[in-house]
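# Understanding the architecture of this molecule
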Amino acid sequence: MTNPNWQPCVADLDQILQQYPQPLQALAERQTPALVLRNAYNPEHCTGLMRRFAERGYFSRETVGVASQLSGGPYLDLGTSLGRLGADPEAFFAHAEQTHALFAHLFDGFDDPVQTMYKALAKLVLDKQVHTACEPDGRRYGPAIFRIYHGQEGHKAHYDSVARRSKKSEYAVARFEHQFAAVLCLQSAEPDGEPFIYDCYADDEIETLLRAGEFESYAQAQKIARTQVLLEPGDLYFFYTENIHAVPPVARDSPRVVLAFFCAMAADRDEIFVWS
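Residues numbered from 1 in each chain as written. Predicted model: local features only at pLDDT ≥ 70, side-chain atom pairs only at ≥ 80, totals over all residues. Heavy atoms only, no water.

### Considering the overall build of the protein
What the protein contains, in helices and strands, is nine helices and 14 strands. Across the 276 residues in the protein, those meeting the buried criterion constitute 55%. Restricting the contact set of the protein to residue pairs at least 6 apart, pairs at least 24 apart contribute 79%. A total accessible area of about 12,400 Å² is found for the protein, and carbon and sulfur atoms account for 48% of it. (Helix = DSSP H or I, 4+ residues; strand = E, 2+ residues; numbered from the N terminus. Buried < 20%, exposed > 50% of the residue type's maximum accessible area, 1.4 Å probe, protein only. Contact = heavy atoms within 4.5 Å. Areas by Shrake-Rupley, 256 points an atom, 1.4 Å probe, with all protein chains shown as cover.)

Take a look at the structure:
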């Protein structure tokens, strides 16, 4: 169901701050489903990076297991995923250090898209320090991750929360009140393949429906509003990951490629943790 009041805020950073003095809190309170920054990253650099990735084989499943930073599944990841590797902390943090080493040179000749995202987040939270998540002993998480969707790959309706969904309480990122995500489009999908965000928080009842695969029919019956975030290369958006969201699986002529990270905030913390 569409709802004229449940629409992304599409604006530049200054305009967002004028409308929402505390933008991340506005997302957590569902005042808006997403904050969208058009052309946050140079689209020509998106094209250049996609060419570099294709030349290195990062779009090919055949490289999985050959390139240490490329992991497979229903989609390909270039970077370190807490969701995929977090069951083994030693392996996770070792992999994250490899990602830091790779990203130190991966963008040579182009603007650094990871820093573009970090700087945008920092402007949205002027009263807090933004940095890559780390454990008290100094072990670093991955700074961000490229996600590559082929064919009809996507994500079914779900929510993301290290504390509530993944229940990885041993990790420092689980000790924050709210979790968000930032997504930078490097190569877009057809319109039907871009993400949906629902005006629905993941409480216990919704969790049961998600596990049973019944959320979509429930949302339709209850007329729960949703909005689709339409992206072009270079567009960046932020959203609250504890709202239900989905990436529809549609036929794609070319891979959908995004650079993403999670970030966490708490009212009593003066820092924002970022990880992938």
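### A short note on the pattern of salt bridges
The final tally for this structure, using the stated rule, is nine salt bridges. Here Arg 147 makes a salt bridge to Asp 77, at a shortest N to O gap of 2.7 Å. Placement of the pair is Arg 147 in strand 6 (residues 145-149) and Asp 77 in strand 4 (residues 76-79), with a sequence separation of 70 residues. Each member of the pair, Arg 147 as well as Asp 77, carries the same accessibility label: buried. With a shortest N-O distance of 2.9 Å, Arg 139 and Asp 137 are connected by a salt bridge. Given a relative accessible area of 36%, Arg 139 falls into the partly exposed group. Residues joined by salt bridges that share partners form a network here, namely Asp 77, Arg 84 and Arg 147. (Salt bridge = Lys/Arg side-chain N within 4 Å of Asp/Glu carboxyl O.)

### A look at helix 3 (residues 43-55)
In a regular helix each residue adds 1.5 Å, so 13 residues correspond to 18 Å; helix 3 covers 19 Å between its end C-alpha atoms and thus fits that length. Elements that come into contact with the buried residues of helix 3 comprise strand 4, helix 5 (89-106), helix 6 (113-124), strand 6, strand 8 (178-187) and strand 13 (256-265). With a side-chain oxygen positioned 2.9 Å from the backbone nitrogen of Glu 44, the residue opening helix 3 is Asn 42. Of the residues one or two after helix 3, Gly 57 is the one with positive phi, at around 85 degrees. (Expected span 1.5 Å × (residues − 1). Polar contact = N/O pair within 3.5 Å; in protein donor to acceptor, adjacent residues only side chain to side chain.)

### What about the packing of aromatic side chains?
A complete count under the given rule lists 17 aromatic pairs for this structure. When the ring of Tyr 118 is compared with that of Phe 261, the centres are 5.4 Å apart and the planes differ by 75 degrees; the resulting orientation is edge-to-face. Here the residue Tyr 118 occupies a position in helix 6, and Phe 261 occupies one in strand 13, the gap between them amounting to 143 residues. When its relative accessible area of 9% is taken as the criterion, Tyr 118 is described as buried. (Phe/Tyr/Trp six-rings, centres within 6.5 Å; stacked < 30°, edge-to-face > 60°.)

### Some points on unusual backbone geometry
The backbone of Arg 30 sits at a positive phi, close to 60 degrees, despite the residue not being glycine. Here Arg 30 shows up in the loop between helix 2 (23-28) and strand 2 (35-37). The residue Lys 223 is not glycine, and still its phi comes out positive at about 55 degrees. By the secondary structure assignment, Lys 223 is in the loop between helix 9 (215-221) and strand 10 (226-228). On the accessibility criterion, Lys 223 (60% relative accessible area) is exposed.

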